[in-house]
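Structural description and commentary
So the chains spell out like this:
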Amino acid sequence: MTVPVRYYCPHCGAIATLERDARLADKSVTADPLDGWEYADAYDEFKAADGVELVCGAAETDGEGCGELYYLNFVKFDRGEELDPQVPLRPEDAPNFDFRT
C-alpha cells in the first residue's frame with residue numbers, strides 16, 4: 001500500500017510529497033547525505049534503497065523551491081541492529097577556533 005508522505009526542505013522549507021510504501025520507516029531528512037547510506041532518485045524504485053535524494057523544486061514540490069539537494073534517510077539495519085548514522089560535518093557547522101594569542 002502506498003501513501004503520500006510530506007517532507008520539508010531543510011534549506012528553504014518547501015514541502016515535497018512522495019508516494020511511497022507505508023511500511024518504510026523514516027529516520028531523518030538532512031541537507032547532506034549520511035555516510036554509508038545509498039540513495040535512489042525520487043523517480044526510481046527506492047524501496048530497497050537506504051534513502052531518497054530529493055531536488056527541492058522538482059515535480060514532487062510542485063515546482064516551488066530552492067533547487068538544492070536534500071536527503072530522506074530511512075532506518076537502516078545491520079544484523080538486526082539499527083545503524084546510527086555519522087552525519088558529515090559541513091564547513092559552516094565546524095567549530096571556528098582562533099589560536100592567535
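The structure under discussion appears in the preceding block.
First, a word on scope: everything that follows refers to the structure included in this document. Note that the coordinates shown come from a computational prediction; the quantities given were computed from them, not determined experimentally.

Looking now at the overall build of the chain. Scanning the chain from terminus to terminus reveals zero helices and eight strands. Along the chain direction, N to C, the helices and strands of the chain fall in the order β-β-β-β-β-β-β-β. Excluding contacts between residues fewer than 6 apart, the proportion of contacts in the chain whose partners are at least 24 apart in sequence is 46%. A total of about 6900 Å² of accessible surface is found on the chain, and carbon and sulfur atoms cover 49% of it.

Once that is clear, we can look at the environment of Ala 59. Looking at the element boundaries, Ala 59 is found in the loop between strand E5 (51-55) and strand E6 (69-74). For Ala 59 and Leu 18, which are 41 residues apart along the polypeptide, the C-alpha to C-alpha distance reads 9.9 Å.

Within the structure shown, the criterion is met by three salt bridges. Between Asp 21 and Arg 23 there is a salt bridge whose closest N-O contact spans 3.2 Å. Residue classification places Arg 23 among the exposed residues on the basis of a relative accessible area of 67%. Note that Lys 47 is salt-bridged to Asp 21, the shortest N-O span being 3.4 Å. Pair noted here: Lys 47 is in the loop between strand E4 (39-41) and E5 and Asp 21 is in strand E2 (residues 15-21), with a separation of 26 residues, a long-range link. Taking relative accessible area as the criterion, Lys 47 reaches 48% and is therefore assigned partly exposed. Using a relative accessible area of 12% as the deciding quantity, one classes Asp 21 as buried.

Here the focus is the state of the cysteines. Evaluation of the coordinates by the stated rule reveals zero disulfides. The thiol of Cys 56 is unpaired, and the distance to the nearest cysteine sulfur, on Cys 12, comes to 3.6 Å. Between Cys 66, a free cysteine, and Cys 12, which holds the nearest cysteine sulfur, the sulfur-to-sulfur gap is 3.8 Å.

So, about the side chain of Arg 20. As for its placement among the helices and strands, Arg 20 is situated in strand E2. For Arg 20, a relative accessible area of 6% gives the class buried. In contact with Arg 20, other than residues within four places in its own chain, are Met 1, Thr 2, Val 3, Val 5, Tyr 7, Asp 26, Phe 46 and Phe 74.

Our focus in this paragraph is the nonpolar core. Grouped together as the largest cluster of nonpolar side chains are 17 residues, with contacts concentrated most on Leu 18, Phe 46, Val 52, Leu 54, Tyr 70, Leu 72 and Phe 74. With three residues, E6 is the largest single contributor of residues to this core. Each residue touching Val 52, except ones within four places of it in the same chain, is listed here: Leu 18, Tyr 39, Ala 40, Asp 41, Ala 42, Phe 46, Tyr 70, Tyr 71, Leu 72 and Phe 74.

How each quantity is defined
- Residues numbered from 1 in each chain as written.
- Predicted model: local features only at pLDDT ≥ 70, side-chain atom pairs only at ≥ 80, totals over all residues.
- Heavy atoms only, no water.
- Helix = DSSP H or I, 4+ residues; strand = E, 2+ residues; numbered from the N terminus.
- Contact = heavy atoms within 4.5 Å.
- Areas by Shrake-Rupley, 256 points an atom, 1.4 Å probe, with all protein chains shown as cover.
- Salt bridge = Lys/Arg side-chain N within 4 Å of Asp/Glu carboxyl O.
- Buried < 20%, exposed > 50% of the residue type's maximum accessible area, 1.4 Å probe, protein only.
- Disulfide = S-S within 2.5 Å.
- Core = buried A, V, L, I, M, F, W, Y, C linked by side-chain atoms within 4.5 Å.

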